[in-house]
Amino acid sequence: MFYREAGDFSSSYPEDTQTFPIKFDRYRYYAVLIFAFAVVPFVINDYWLNAIFLPFLIYAIAAIGLNILTGYCGQVSLGTGGFMAVGAYASYKFMTGLDIYMMGVDGEWVRYALPPINIFFSVILAGVVTAVVGVLFGLPSLRIKGFYLAVATLAAQFFLVWLFNKWEWAYNYSASGQINAPTREIFGVEITGPTTEAWATYLFCLVFVVGSAWLARNLTRGAMGRRWMAIRDMDIAAEIIGVNPLRAKLSAFAVSSFFVGISGALFFSVYLGAVEVGEAFGIQKSFLVLFMIIIGGLGSIFGSFAGAAFMVLLPVLLKNILVGTLGWPTDLAAHIEFIIVGALIVVFLIAEPHGLAQLWRLAKEKLRLWPFPY
Amino acid sequence: MKLKLATMALAGVMAAAPVMAELVFPSLSYRTGPYAANGIPFADGYADYFTLLNERDGGIGGVPIKMIECETGYNTEKGVECYESTKGEGALVYQPLSTGITYQLIPKATADGIPVHSMGYGRTSAKNGKVFSNIFNYPATYWDGASIAVKHIMDVEGGNIEGKKIALVYHNSAYGKEPIRTLEELAKKHGFELTLLPVDHPGQEQKSQWLQIRREKPDYVLMWGWGVMNQVAIQEAANIRFPMDKFIGIWWSGSENDVLPVGDGANGYKALALANPGGDYPVYDDLKAYVYDKGMAAGAGDQAGTVLYNRGMYAALLAAEAAAKAQELAGTPDITPAMMRDGMEALEITEARMTELGLPDFGPAFTVSCENHGGDGFGKVQQWNAATGKWELITDWIESDKDVITPLIMEDSAAYAAENNIEERCN
């Protein structure tokens, strides 16, 4: 009744191929955007920002990135945490001034440094650097697939964490090996550092999320996305019909790592402000993002958001109910939380193996016929 | 989320109405996760001491204490959530209890005007109060610890350790890397040779490090470990028959949890002590009467008298003393975080006061000042006696080598100040 295409006529090709062909869907999408951009910034406070919105938005970007690689192109990756670390350290180097030491004429080491780059472009450049690293670690995908590729990307995860723990240049030779985001501004508004306003950091991340989702959605709808999906569904058949596996796989690694790198950069600079590679970007981060896309739905941009929301919001919600409202001891609540989240994941996946996105699709199908299903 | 909104709205209403004053002390504990075995006793000690004050004295200066516990699982992201959810309740001081969360809170809490007490951990150069206005790490810092350990070795060796080999087995993280700078300086000063052996989180795999120790035969091994890494290291040391009395851990590597699993093999293992071990103090009589016997002990109530329980209690005691000082300075029992900060900066712990509190000769006497947020840097050395199952103190208070540490602190804090455009205070 509410949700149907009847009476919604397209009179041109662009209208026919738009992302949201159903009017109700389109208005809902605009409503969400307007709410996110025009309402939330006015009501958001520090708690909502740091406990809910920032992790949700940042993990959503990481999930979109991994979804492109795993969901659309079918290449399993366990290196997400490592690639996020590349993004974080790259953005740190760019925002503090990328430096290089060269032997001068008198035999002394001389430090040459770029001026610090604006935080917005630092984040983008961090994504570009991660894309290059992603392509390097994607090379084995040309020879191996499935579990073997998962192991190769797992090696990337451990190698990158080791590298950023060892390589002093990456953390500007700080004694503790931690990187700290200094205060940086855009148009005079602080985006990183301790004294930021909630609305500013929220909007900054939101811009990246909307940009990433828009880009990813359109890439996956276009020729490139079709090539990825052809490789995913059957690589030999794809090769026979003219898809170049080298370019398709490596472009998936590049695009995926670009998004993951951006999320890593935001995770470090905007959300946490200080990170240590082993703790923030360990193997558990890779698994967390993988869980997000599996629960949300492989091969779906909406699924990336749903999965990120599920994994970020549910623990916080449970904690607030169990400890805040029911007054349980914190350790008991933490253990119960693990049990509930774990059980829900299992139940969800048994009930709907294709994730939350599929539930959403089914709901839409039902709504289309409602109230007169035939 | 609706629920949260509702509770927040309710909190808003309640904040508007006149409420009974309370002193809020958040406890960012970790009773779950990889370091839970060490997090539980600390959290219990912290909670029990505040319960004691509430039950026996009716709080601090007549104002009851409200302790909000929040589970971090030693995870920085959860720590952020805990910080944000408790700071609105008027939190007076944070004890982050993890190096990651401490680094996180140093700029944030400073901007919010809330003091942080990272007792014997965190960023060492926060000792320089001129730069770090809201961060306190008294009574001693990691660099003090490194120096105290080396001094102890010198005492044992009769004052000269020239040409000796000392290995540092450390947790490969910000925490474990902390003492390296100081040890390098000390190596230059005293002429010993330093070997660095990093162990990756969580530290269950240390075969190669101990193989290297067996091959290179260092005269002493120092350890900066935490959680399961301690137990594994002590077990490995016992396996290669490294002389245990030449193996010295930092104060976070010296609890019962670390040595008990190794059994007799751990006999003679040494660790530094921030405060005395054991439950043989008058304060325990009060704890028994007012807390344990009333069934109000935190957690399972089985941690009393352990090293980390004592440390948690000591942290609560120092916080309570600072709050009392703040009440005295501000002239009002109902203090704000800013007043609490002033109280911490004016804190003075004397031997007489510790005796009065039921803990004679328990921790060092020290004074905090605007310039010095790290106390005077005293520590003892304790040794494990496997037969009696007790830590025994084998030295008196040892003072750290300020000639080496002070310039390092100045250098590191100046770098932080330059990076963050901080102007020096206290001038």
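Residues numbered from 1 in each chain as written. Chains lettered and ligands numbered in written order. Predicted model: local features only at pLDDT ≥ 70, side-chain atom pairs only at ≥ 80, totals over all residues.

Quick word on the overall build of chain B
Helices and strands together make up the secondary structure of chain B, namely 15 helices and 14 strands. In terms of C-alpha radius of gyration, chain B reaches 21 Å, essentially the compact-globule figure of 22 Å for 427 residues. Its C-alpha atoms give chain B principal-axis dimensions of roughly 70 × 50 × 50 Å. Every one of the 427 residues in chain B was classed for burial, and the buried ones make up 54%. Sequence-distant contacts in chain B: of pairs separated by 6 or more residues, those separated by 24 or more amount to 70%. (Helix = DSSP H or I, 4+ residues; strand = E, 2+ residues; numbered from the N terminus. Rg over C-alpha atoms; globule rule 2.2 N^0.38 Å. Buried ≥ 20, exposed ≤ 12 C-beta atoms within 10 Å, placed from the backbone. Contact = placed C-beta atoms within 7 Å.)

Regarding the overall build of chain A
In terms of helices and strands, chain A carries 15 helices and six strands. Compactness check: chain A gives a C-alpha radius of gyration of 22 Å against a globular reference of 21 Å for 374 residues, within 12% of the reference. With the C-alpha coordinates aligned to their principal axes, the bounding extent of chain A is approximately 85 × 60 × 45 Å. The proportion of buried residues among the 374 residues of chain A is 45%. Across chain A, the fraction of contacts at a sequence separation of at least 24, relative to all contacts at a separation of at least 6, is 74%.

Examining the domain arrangement of chain B
Residues and elements named next belong to chain B. Structurally, chain B comprises domain 1 (21-140 + 279-376) and domain 2 (142-273). Look at where the C-alpha atoms of domain 1 and domain 2 centre, and you get two points 28 Å apart. In this assembly, twelve residues from domain 1 lie in contact with 17 residues from domain 2. Elements with a contribution of two residues or more to the side of domain 1 that touches domain 2: helix H2 (36-57), helix H4 (99-112) and helix H12 (307-330). Classifying every residue of the side of domain 1 that touches domain 2 by side-chain character gives seven nonpolar, five polar and no charged. (Domains from an automatic or database assignment. Nonpolar A, V, L, I, M, F, W, Y, C, P; charged D, E, K, R; others polar.)

Notes on the interface of chain B and chain A
With 36 residues of chain B in contact, the opposing surface of chain A contributes 31 residues. For the side of chain B that touches chain A, the element with the highest residue contribution is H4(B), accounting for seven residues. Counted by class, the side of chain B that touches chain A contains eight nonpolar, 14 polar and 14 charged residues.

What about the pairing of strand S1 (residues 23-29) of chain B?
S1(B) sits mainly inside the fold: six of its seven residues count as buried. Crossover S1(B) to strand S2 (residues 65-71) of chain B through H2(B) is right-handed. (Right-handed = clockwise from strand over helix to strand, strands pointing away.)

Remarks on the nonpolar core
Of all hydrophobic cores here, the largest spans 218 residues; its most connected members are A:Ile58, A:Ala63, A:Ala85, A:Ala88, A:Cys205, A:Leu266 and B:Ala323. Tallying contributions element by element places helix H3 (residues 46-72) of chain A first for this core, with 18 residues. (Core = buried A, V, L, I, M, F, W, Y, C linked by C-beta atoms within 7 Å.)

Topic: the domain arrangement of chain A
As a measure of interface size, the accessible area lost when the parts come together is often cited. Residues and elements named next belong to chain A. Domains assigned within chain A are domain 1 (1-43) and domain 2 (44-369). A separation of 27 Å is found between the C-alpha centroids of domain 1 and domain 2. Facing the nine residues of domain 1 at the interface are nine residues of domain 2. When the residues that make up the side of domain 1 that touches domain 2 are grouped by side-chain class, the tally is seven nonpolar, one polar and one charged.

Description of the confidence of the model for chain B
Residues and elements named next belong to chain B. Per-residue pLDDT for chain B averages 88, and the proportion of residues at 70 or more is 95%. Contacts for the low-pLDDT stretch residues 8-18, under 50 throughout, to residues beyond four places or in other chains number one contact. Predicted as a complex, the structure gets a pTM of 0.90 and an ipTM equal to 0.86. (pLDDT = per-residue confidence, 0-100.)

A few points about helix H13 (residues 301-325) of chain A
All names here are of chain A. With 25 residues, H13 should cover 36 Å at 1.5 Å per step; its first-to-last C-alpha distance of 34 Å lies within 8% of that length. Of all the bends in H13, the greatest, near 30°, is centred on Leu313, and the proline Pro315 appears no more than four residues after it. Immediately beyond the C-terminal end of H13, within one or two residues, lies Gly327, with a positive phi of roughly 70°. (Expected span 1.5 Å × (residues − 1). Bend = angle between axes of the 7 residues up to and from the residue.)

Description of the environment of B:Leu52
Relative to the helices and strands, B:Leu52 is located in helix H2. Apart from residues lying up to four places away in sequence, B:Leu52 is in contact with B:Asp286, B:Leu287, B:Tyr290 and B:Val291.

Focus on the packing of H2(B) against helix H11 (residues 282-292) of chain B
All names here are of chain B. Two elements in contact, H2 and H11, have axes separated by 9 Å at closest approach and are oriented at 75°. Here H2 lies roughly perpendicular to H11, going by the angle between them. Seen from H2, the contacting residues are Asp48, Thr51, Leu52, Glu55 and Arg56; seen from H11, they are Asp286, Leu287, Tyr290 and Val291. Of the residues assigned to the contact of H2 with H11, the class counts are four nonpolar, one polar and four charged. (Axes fitted to C-alpha atoms, helices over the stretch in contact; angles between N-to-C directions. Parallel < 35°, antiparallel > 145°, perpendicular 65-115°, else oblique.)

Structural notes on the pairing of strand S5 (residues 189-192) of chain A
Residues and elements named next belong to chain A. Pairing of strand S4 (residues 184-186) with S5, which is carried by three bridges, proceeds in the antiparallel orientation. The partner of Ile186 across the bridge, within S5, is Val189. Following S4, the chain reverses through two residues before pairing antiparallel with S5; Phe187 in that reversal takes a positive phi of roughly 50°. (Pairing = 2+ DSSP bridges.)

Considerations on unusual backbone geometry
All names here are of chain B. Tyr138 connects to Pro139 through a cis peptide bond whose omega is 5°. Among the structural elements, Pro139 can be located in the loop between strand S4 (135-136) and helix H5 (142-156). With an omega of -5°, the peptide bond running from His201 to Pro202 counts as cis. Examined against the element boundaries, Pro202 turns out to sit in the loop between strand S6 (193-199) and helix H8 (207-216). Positive phi, close to 60°, is recorded for Leu97, a residue that is not glycine. Along the chain, Leu97 turns up in the loop between helix H3 (76-87) and H4.

Some remarks on the packing of helix H4 (residues 80-96) of chain A against helix H10 (residues 245-272) of chain A
The packing of two helices is summarised by the inter-axis angle and the distance between the axes. All names here are of chain A. Packing of H4 against H10 leaves a shortest axis separation of 7 Å and a crossing angle of 60°. With respect to H10, the axis of H4 lies oblique. Every pair of crossing elements has a handedness; the one defined by H4 and H10 is right-handed. Of H10, the residues touching H4 (which contributes Thr80, Phe83, Met84, Ala85, Val86, Gly87, Ala88, Ala90, Ser91, Tyr92 and Met95) are Ser257, Val260, Gly261, Ile262, Ser263, Gly264, Ala265, Phe267, Phe268 and Ser269. Of the residues in the contact of H4 with H10, the class split is 13 nonpolar, eight polar and no charged. (Left-handed = near helix turned anticlockwise from the far one by under 90°.)

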